[in-house]
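Now for the letters of each chain:
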Amino acid sequence: MYFKIEDNKFVGFYEEKEKEGTFVDISVEDWNNLLNEQSQGKSIYYDSKTKKLDTLTLGRFEELNGTVVSTNIKLLKQSILSELSELKTEFATKAFIFNEKYLQKNRDVDKANLTSIVVMLNTTKQTVFKNWKFKDLTGSDVYADLSIVDMLTMANIMQTQTTNALIAESKLIKKLETLSVEELKVFDARKEFESLIGA
C-alpha cells in the first residue's frame, strides 16, 4: 500500500505507484488504523516534519489545508444567519398570554382573521365578535367573546412581537460583520436574540 503526497499534502491511498507523483510505502496495519480513525470523524493529513500520516479532529466549520487548520468563515456565518432566521420566525410567531388567561398564537392566519373580523364588525356596526378560539393556560380549547378594543389590542401585541423579532435579527446581522473569527465561533445566537427582545 502507498499514500500519495503532492505539495506536502496527503492526496490519497493507492495500491500501486503511478508514474507521476510522490508515493510513500504504508503498512496495511497503519493504513487500517488511519481508516478506522477517519471513520470516527478524524481527518488524515501528512506531517511534513515526521514524514508520516497522522489524524486530527477538526472543529465545527474547520478545514484542513495541508497541515493548516482554518475556519471556513463563509459557512460559519451562513450557519449563524440561518439560525437567526429561525429564531426570528420562532419569536415572531410565539404564542402570548392575552388577558392573563388565554394563550394566543401569533400566526399570519390569526392576524389576517383579526383584520377581517374588525373590518366586518365596523361595517355591520357591531362591537363584539363571539367565539374567538383561544387555548387556555393548560392548552385546552376555549372560546371567548371579544370586543373591537380586545381585537385591536391583540393585533398590536402581534405586530409589536413581529417587529421586535425583525429588528433583533437585523441588529444581530449587522453585529456579525464586526466580530472576529474567534468571536463568531462562540457566538450564541439564541442568547443574543433573547437579550435583544427581552425574552
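As the structure is a prediction and not an experimental result, all values here were calculated from the model.

Trainee: What is the right way to look at unusual backbone geometry in this model?
Mentor: Residues other than glycine predominantly adopt negative phi, and peptide bonds predominantly adopt the trans conformation. Notably, Lys 51 is not glycine yet its phi reads approximately 60 degrees, a positive angle. With respect to the helices, strands and loops of the structure, Lys 51 is situated in the loop between β4 (42-47) and β5 (52-57).

Trainee: How do you make sense of the packing of helix α3 (residues 108-123) against helix α4 (residues 148-176) when you look at a structure like this?
Mentor: Two packed helices can be described by the angle between their axes and the distance between those axes. Interhelical geometry of α3 versus α4 gives an angle of 150 degrees and a closest axis separation of 10 Å. In terms of axis orientation, α3 runs roughly antiparallel to α4. Regarding α3 and α4, the two cross each other, and that crossing is left-handed. Here Asp 110, Lys 111, Leu 114, Ile 117, Val 118, Leu 121 and Asn 122 of α3 come into contact with α4, specifically with Ile 148, Met 151, Leu 152, Met 154, Ala 155, Met 158 and Thr 162.

Trainee: When you look at α3 in this model, what are you seeing that I'm missing?
Mentor: Given 3.6 residues per turn, any residue in an α-helix points the same way as the ones three and four places further on. With 16 residues, α3 should reach 22 Å at 1.5 Å per residue; the first-to-last C-alpha distance of 23 Å fits that figure. The elements touched by buried residues of α3 are β9 (102-104), β10 (128-136) and α4. Lys 125 lies just past α3 and shows a positive phi near 60 degrees.

Trainee: Whenever I open this one, the packing of aromatic side chains confuses me. Can you help?
Mentor: Enumeration over the complete set of coordinates arrives at 9 aromatic pairs. Relative to Phe 193, the ring of Phe 91 lies with its centre 5.3 Å away and its plane at 25 degrees, an arrangement referred to as stacked. Residue Phe 91 is located in helix α2 (residues 73-92), and its partner Phe 193 is located in helix α6 (residues 189-197); the two are separated by 102 residues in the primary sequence. Residue class for Phe 193 comes out buried when judged on its relative accessible area of 0%. Pairwise contacts between aromatic rings join Phe 3, Phe 10, Phe 13, Trp 31 and Tyr 46 into one cluster.

Trainee: Would you take a moment to explain α2 for this structure?
Mentor: Over its 20 residues, α2 runs 28 Å from end to end, which matches the ideal 28 Å to within 8%, given 1.5 Å per residue. Every buried residue of α2 is listed here: Leu 76, Ser 79, Ile 80, Leu 84, Leu 87, Phe 91 and Ala 92. Of the surrounding secondary structure, the elements contacted by the buried residues of α2 are β7 (68-71), α4, α5 (181-185) and α6. One side-chain oxygen of the residue at the start of α2 lies 3.3 Å from the amide nitrogen of Lys 74, identifying that residue as Asn 72.

Trainee: What should I look at first to understand the pairing of β5 in this one?
Mentor: Every other side chain in a regular strand lies on the same face of the sheet, so the side chains alternate between the two faces. For β4 and β5, the ladder comprises 6 bridges, and the chain directions are antiparallel. Opposite Tyr 46, over in β5, you have Leu 53 as the bridge partner. Linking β4 to β5, which pair antiparallel, is a turn of 4 residues; within it Lys 51 sits at a positive phi near 60 degrees.

Trainee: Just to check I follow, could you spell out the sheet that holds strand β1 (residues 2-6) for this structure?
Mentor: In any sheet, the strands associate via hydrogen bonds between backbone groups, in a parallel or an antiparallel arrangement. Ordered by their spatial adjacency, 3 strands build an open sheet running β2-β1-β3, and the pairing between neighbours is antiparallel. The open sheet has two edge strands, β2 (9-14) and β3 (22-25), and neither has a second partner. On average, adjacent strands in this sheet sit at an angle of 30 degrees to one another, irrespective of strand direction. Pairing geometry for β1 and β2, over 5 bridges, is antiparallel. When the bridges of β2 are listed, Tyr 2 appears paired with Tyr 14.

Trainee: Would you mind showing me how to read the nonpolar core here?
Mentor: Across soluble globular proteins, nonpolar side chains show a tendency to be buried alongside one another. Residues Ile 80, Leu 84, Leu 87, Leu 176, Leu 184, Phe 187 and Phe 193 are the most contacted members of the largest nonpolar core, which totals 16 residues. Secondary structure elements with two or more residues in this core: α2, α4 and α6. Counting residues per element, this core draws most heavily on α2, which supplies 6 residues. If we skip the residues at most four places from it in the chain, Leu 84 touches Glu 169, Leu 172, Ile 173, Leu 176, Ala 189 and Phe 193. Membership of the second largest hydrophobic core comes to 15 residues, among which are Phe 96, Leu 121, Ala 144 and Met 158.

The rules behind each value
Residues numbered from 1 in each chain as written. Predicted model: local features only at pLDDT ≥ 70, side-chain atom pairs only at ≥ 80, totals over all residues. Heavy atoms only, no water. Helix = DSSP H or I, 4+ residues; strand = E, 2+ residues; numbered from the N terminus. Axes fitted to C-alpha atoms, helices over the stretch in contact; angles between N-to-C directions. Parallel < 35°, antiparallel > 145°, perpendicular 65-115°, else oblique. Left-handed = near helix turned anticlockwise from the far one by under 90°. Contact = heavy atoms within 4.5 Å. Expected span 1.5 Å × (residues − 1). Phe/Tyr/Trp six-rings, centres within 6.5 Å; stacked < 30°, edge-to-face > 60°. Buried < 20%, exposed > 50% of the residue type's maximum accessible area, 1.4 Å probe, protein only. Polar contact = N/O pair within 3.5 Å; in protein donor to acceptor, adjacent residues only side chain to side chain. Pairing = 2+ DSSP bridges. Core = buried A, V, L, I, M, F, W, Y, C linked by side-chain atoms within 4.5 Å.

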